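The residues making up each chain are set out below.
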Amino acid sequence: MIVADPKPFGQVKGYLENFERILIVGCGACTTVCLAGGEAEVRLLASGMRIAFGRDGQSKTILEDCVQRQCDVEFVLPVLSRVDNEKIDAVVTIACGVGVNFLADRLGKTPVFPGLNTTFYGAGMEPGLWAEMCAGCGECMTALTGGICPVARCSKHLLNGPCGGSEKGKCEVDPANIDCVWQLIYDRLKRLGRLDDLQNIIAPKDWRTAADGGVRRTIREHLYKLR
Amino acid sequence: MSDKSVMKSGSNLERVLTSGHFAVTCECGPPKGADVEHLQKKIELIRGCVDAANVTDNQTAVVRMSSIAAGAIMVRSGVEPVMQMVTRDRNRIAAQSDIFGAYALGIRNMLCLTGDHQIFGNHPMAKNVFDLDSIQLLDVVRTIRDKGTVNCGDPVEGGIRMFLGAAANPFADPFEFRVIRLAKKIRAGADFIQTQCIYDMGRFREFMKMACDMGLDGQCYILAGLTPLKSAGMAAYMNKNVSGISVPDEIINRIRGVPKGNQAEEGINILLEQIGQVREIRGVAGVHIMAIEWEERIREITERAGFLPRP
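Predicted model, so just to flag it, every value in this text is computed and none were measured.

Another point: the overall build of chain B. Along the backbone of chain B there are 11 helices and 8 strands. Computed over C-alpha atoms, the radius of gyration of chain B comes to 19 Å, within 12% of the 19 Å expected from 2.2 N^0.38 for 311 residues, which places it in the range of a compact globule. If you line up chain B on its principal axes, its C-alpha atoms span 60 × 45 × 40 Å. The contacts of chain B with a sequence gap of at least 6 include a subset with a gap of at least 24, amounting to 79%. Working note: accessible area of chain B is about 12,100 Å², and carbon and sulfur atoms make up 52% of it. Side-chain charges of chain B comprise 37 positive and 36 negative groups, with the mean position of each set lying 1 Å from the other.

Okay, structure coming up:
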């Protein structure tokens, strides 16, 4: 899933100073799961804005919405209609950055502001804790590394083993919070009886499949040709 | 080191090592600016004391004069540099371009490193590159040198000759992987190795035994890295804060045991003992003395160690 964190309240409030009718839109997918941008967070952010602007002596209309997914047209269409019909003059989305872009591409003259900082592709490790697991590089190489990704989980994206900053299983960049992924890979390959794999030199990665190759898109022909 | 009779670079360091001498290198950190005079002073301090001096590449991710420029100034001054190059700040395009430039300016030794993460430096907000890791960089330079092609396969105009080095840290984890990593670096093209600073001599001996058991000492020259401790404070700091370095209590206590004014002397005494110890270890082909911002003691250290005059 995509993980995101709420932007500081004051920053989001700052975006909205000059607008009167504001719609805050949540997303029922990833940002709901990571407790940053679902229905509950929409209500919380909207109430906060009402209180904060009220204190400033400003009476703004803060409206709320939450759709199943902000990254699919069918779910976003009702939001677009609402912006038109209810004369909304600014939208705050607390979906990931995909939602922000997807709305901005479709919202004509109505500005859209991000309520979240989108951080990474990760997994829920324990209640309230998410960690980065994938970098979306477009050429998965985890078959070589016991299923554990050094591109996403090594602070230097090293492909040929741990640097000198690996100590007691931790990464020197932040020993309290970051495991040395190469220690994890080493331990896993050892358990799998594949330690010899680590002797292979992994060639420089072809980054064309990653964001470095330009903006990416995917086509499923069987569906796409039905247009 | 596949064929000792054929010089890969013609550098002084290569000549010293291939002719069987015990090599001595040190470190010469470029200034945090364009202060050439400061660099020249450091160069004079080490002149004649070492076979080559490493020019660090924005070490600990603190911005300094480039190792290529500082290396070229050393070449001009008649002291041989080992140009360090990290992959943190340059992709394969910039790296290869810089290697051509360095060679054109007379640099004949280089040390291929991944580099410290920028979080430790003075621009922790910077974007890092790490398009290559140190092992891949070694292979890239070796391919330019031996096959005459850049990474994509295009031919290089005019050859380059470069003596290729890499780092090894016997003190980082997982320990059993450290010698495998060393072997990978050698297979990727390392002609010589400089190790991280050694304080835990027992662990270094164990590492060297593993390396020799794999025959790695016959495939590459291994220089033992040593850093003199200036004070008990520095010893404790390095032990606590520098990842992959452990300074045994015995050493910290020994320095702590002498008055503050004599701690630097004690640090140098310890270094000289360490030099004696590493010389006895099978497979050690030289020492790399990293006297951090202490170049003024290099002459005394090398003199007292019996390294002078250099071959």
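So, about the packing of aromatic side chains. The tally for this structure, following the rule as stated, stands at 5 aromatic pairs over all chains. Measuring from centroid to centroid gives 5.7 Å for F19(A) and F113(A), while their planes differ by 55°, and the two rings are tilted. Of this pair, F19(A) sits in the loop between helix 1 (9–16) and strand 2 (21–27) while F113(A) sits in strand 5 (residues 112–114), placing them 94 residues apart in sequence. Taken as a pair, F19(A) and F113(A) share a single burial class, namely buried. Plain terms: the ring middles of F163(B) and F192(B) are 5.1 Å apart, the flat faces sit at 25° to each other, and that makes the pair stacked. One end of the pair, F163(B), is in strand 5 (residues 163–168); the other, F192(B), is in strand 6 (residues 192–197), and 29 residues separate them in sequence. In this structure, F163(B) and F192(B) share a single accessibility class: buried. Members of the aromatic cluster, each reached through a chain of ring pairs, are Y15(A), F19(A) and F113(A). Residue placement shows R279(B) over the ring face of F22(B); its charged tip is 4.4 Å from the ring centre.

If you check the domain split of chain A, you get domain 1 (2–119) and domain 2 (137–213). Here the C-alpha centroids of domain 1 of chain A and domain 2 of chain A sit 37 Å apart.

Residue and element names in this part refer to chain A. For the structure on display, the rule yields 3 cavities of 30 Å³ or more. In this structure, the largest cavity occupies an estimated 120 Å³ of space. Taken together, 17 residues make up the lining of the largest cavity; nearest its centre are C154, S155, C163, C171 and C180. Of all the secondary structure elements, the ones that give two or more residues to the lining of the largest cavity are strand 9 (170–171) and helix 7 (181–191). The class makeup of the residues in the lining of the largest cavity is 9 nonpolar, 3 polar and 5 charged.

Moving on, we get to the interface of chain B and chain A. Each partner contributes to the interface: chain B provides 31 residues, whereas chain A provides 27 residues. Taken over both partners, the interface formed by chain B and chain A buries close to 2,500 Å², and the fraction arising from carbon and sulfur atoms is 53%. Applying the counting criterion to the chain B and chain A interface returns 0 salt bridges. Summed over the shared surface of chain B and chain A, the number is 20 residue pairs in polar contact (both at pLDDT 80 or more). Those elements giving two or more residues to the side of chain B that touches chain A turn out to be helix 5 (134–147) and helix 6 (175–187) of chain B. Among the elements that line the side of chain B that touches chain A, the one with the most residues is helix 6 of chain B, at 7 residues. Per-class residue counts for the side of chain B that touches chain A are 12 nonpolar, 9 polar and 10 charged.

The predicted coordinates ought not to be read in detail in places where the model reports low pLDDT. Confidence in the prediction of chain B, expressed as mean pLDDT, is 96, and 98% of residues score 70 or more. ipTM for the predicted complex: 0.94, alongside a pTM of 0.96.

Parameters at a glance
- Position labels on residues start from 1 in each chain and follow its written sequence.
- Lettering of chains starts at A and numbering of ligands starts at 1, both following the order in which they are written.
- Local features are withheld for residues below a pLDDT of 70 in this predicted model, meaning they are given only at 70 or higher, and side-chain atom pairs are given and counted only at 80 or more; totals for whole chains, interfaces and linings count all residues.
- Neither water nor hydrogens contribute to the side-chain values; these are computed over all heavy atoms in the structure.
- Note on conventions: DSSP H or I runs of at least 4 residues are helices, E runs of at least 2 residues are strands, and numbering of each starts at the N terminus.
- As a reference, a globule follows 2.2 Å times the number of residues to the power 0.38, and the radius of gyration itself is taken over C-alpha atoms.
- Contact between two residues is taken to exist if any of their heavy atoms lie within 4.5 Å; hydrogens are not considered.
- Residue exposure ignores everything except the shown protein chains as possible cover, and the areas themselves are Shrake-Rupley values with a 1.4 Å probe.
- Positive charge is attributed to Lys and Arg, negative charge to Asp and Glu, and no charge count is given to His or to the chain ends.
- Charge placement uses NZ in Lys and CZ in Arg. For Asp and Glu, CG and CD serve respectively.
- Planes of paired rings set the category: under 30 degrees apart is stacked, over 60 is edge-to-face and the rest tilted, where pairs are Phe, Tyr or Trp rings (Trp by its six-membered ring) whose centres lie within 6.5 Å.
- For every residue, the accessible area (1.4 Å probe, protein chains only) is compared with the maximum for its type, and the residue is labelled buried under 20%, exposed over 50%, or partly exposed between those bounds.
- Note on criteria: charge over ring means Lys NZ or Arg CZ within 6 Å of the ring centre, with the direction from the centre no more than 35 degrees off the ring normal.
- Throughout the structure description, domain borders are defined by an automatic or database domain assignment.
- Using only the protein atoms, space was sampled on a 1 Å grid; points where a 1.4 Å probe fits but cannot get out form cavities, open sets with protein on both sides within 12 Å along at least five of seven lines form pockets, and lining residues are those with an atom within 4 Å of a point.
- Grid points are joined across faces, edges and corners, and a volume is the space filled by probe spheres set on the points.
- For this classification, the nonpolar set comprises Ala, Val, Leu, Ile, Met, Phe, Trp, Tyr, Cys and Pro, the charged set comprises Asp, Glu, Lys and Arg, and every other residue, Gly included, is treated as polar.
- Note on definitions: buried area is the accessible-area loss of two parts on being combined, 1.4 Å probe, summed for both.
- Salt bridges are counted wherever a side-chain nitrogen of Lys or Arg sits within 4 Å of a carboxyl oxygen of Asp or Glu.
- Any pair of N or O atoms that falls within 3.5 Å is considered a polar contact. Within protein, one atom must be able to donate a hydrogen and the other to accept it, and sequence-neighbouring residues count only if both atoms are side-chain atoms.
- pLDDT expresses, on a scale from 0 to 100, how confident the predictor is about each individual residue.

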